[in-house]
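This is what each chain is made of:
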Amino acid sequence: MPRVSAEHLERRREQILEAALRCFARKGFHETSMQDVFTESGLSAGAVYRYFTSKDEIIGALLGRTMLPLRNRLAEIIRADPPPVPAEVIRGMTTEVLARSGPNGLLRLAPQAWALATVQPEAAAPVLEAAAGVRALWREYVLRIRDLGWIPADADADALAKMLLGLMPGFILQHLLLGDVTPDDFARGIELMLPVTPPGTAHNGPGSIIGE
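Residues numbered from 1 in each chain as written. Predicted model: local features only at pLDDT ≥ 70, side-chain atom pairs only at ≥ 80, totals over all residues. Heavy atoms only, no water.

## Things to note about the environment of A123
Item 1. Examined against the element boundaries, A123 turns out to sit in helix α7 (residues 121-147).
Item 2. By relative accessible area, which is 3% here, A123 ends up buried.
Item 3. It is 9.2 Å that separates the C-alpha atoms of A123 and L63, two residues lying 60 residues apart in sequence.
Item 4. Sequence-distant contacts of A123, defined by excluding residues within four places in its chain, comprise L116 and A117. (Helix = DSSP H or I, 4+ residues; strand = E, 2+ residues; numbered from the N terminus. Buried < 20%, exposed > 50% of the residue type's maximum accessible area, 1.4 Å probe, protein only. Contact = heavy atoms within 4.5 Å.)

If you want it as structure tokens, here you go:
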């Protein structure tokens, strides 16, 4: 028999993930069965199980795909030279969230993944890894602006990183449930909570958008 190419294997894996995403978007994690994924993908059970041993493993793969671009975007924003003020970092990240949370957007599944992670160890691992990675980036940013003198020298970097990490889930939930929250709202809020004006620069108001 001819060997199956790596490209073919990757296409099959993508086919399964895209089918699962459509199922999850329609029915949620709990109501979607592996049979639903088989039917949606047009593949046999054996073909799907060749790539994923369980529904939780599929969820973990989708979550990793969701969080990695966000983590990369945050790293890109905070490592700019000079770094943006906190309000502009939040504006950039919330704008990215909106771009990834449309009707079939992966970020629409994030709250379901968080809930599942509290009860399913298999699903918890990628969620915890993603959260820890993003929080480490926030801590890196806080240390950087602290070294620049933008915030007090004794500011608790760990506490600030934990607080900043909590903003993104809050934005996602309000966007999905209430639908009336915008990047400008969060930018103005963080300006009130953590006002920063770099020495020798004008204050960055709501009109400045990172990555525009």
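What follows continues from the structure just given.
## Considering the packing of aromatic side chains
Item 1. Applying the stated criterion across every chain yields a total of four aromatic pairs.
Item 2. Judged by centre distance (4.8 Å) and plane angle (85 degrees), the rings of F24 and F29 are edge-to-face.
Item 3. On the accessibility criterion, F29 (4% relative accessible area) is buried.
Item 4. Ring centres of W138 and Y141 lie 6.2 Å apart, and the angle between their planes is 75 degrees; on these two criteria the pair is classed as edge-to-face. Of this pair, W138 and Y141 both sit in helix α7, three residues apart, roughly one helical turn. Side by side, W138 and Y141 carry an identical accessibility label, which is buried. (Phe/Tyr/Trp six-rings, centres within 6.5 Å; stacked < 30°, edge-to-face > 60°.)

## Quick notes on the domain arrangement of the chain
Item 1. Parsing the chain into structural domains produces domain 1 (2-62) and domain 2 (68-193).
Item 2. Here the C-alpha centroids of domain 1 and domain 2 sit 29 Å apart.
Item 3. Facing the ten residues of domain 1 at the interface are ten residues of domain 2.
Item 4. Both faces considered, domain 1 and domain 2 share a buried interface measuring about 910 Å² in area, 74% of it formed by carbon and sulfur atoms.
Item 5. Broken down residue by residue, the surface that domain 1 buries against domain 2 is led by L21, F29 and D56, which jointly contribute 55%.
Item 6. Counting across the interface, domain 1 meets domain 2 through zero salt bridges. (Domains from an automatic or database assignment. Buried area = accessible area lost by both parts, 1.4 Å probe. Salt bridge = Lys/Arg side-chain N within 4 Å of Asp/Glu carboxyl O.)

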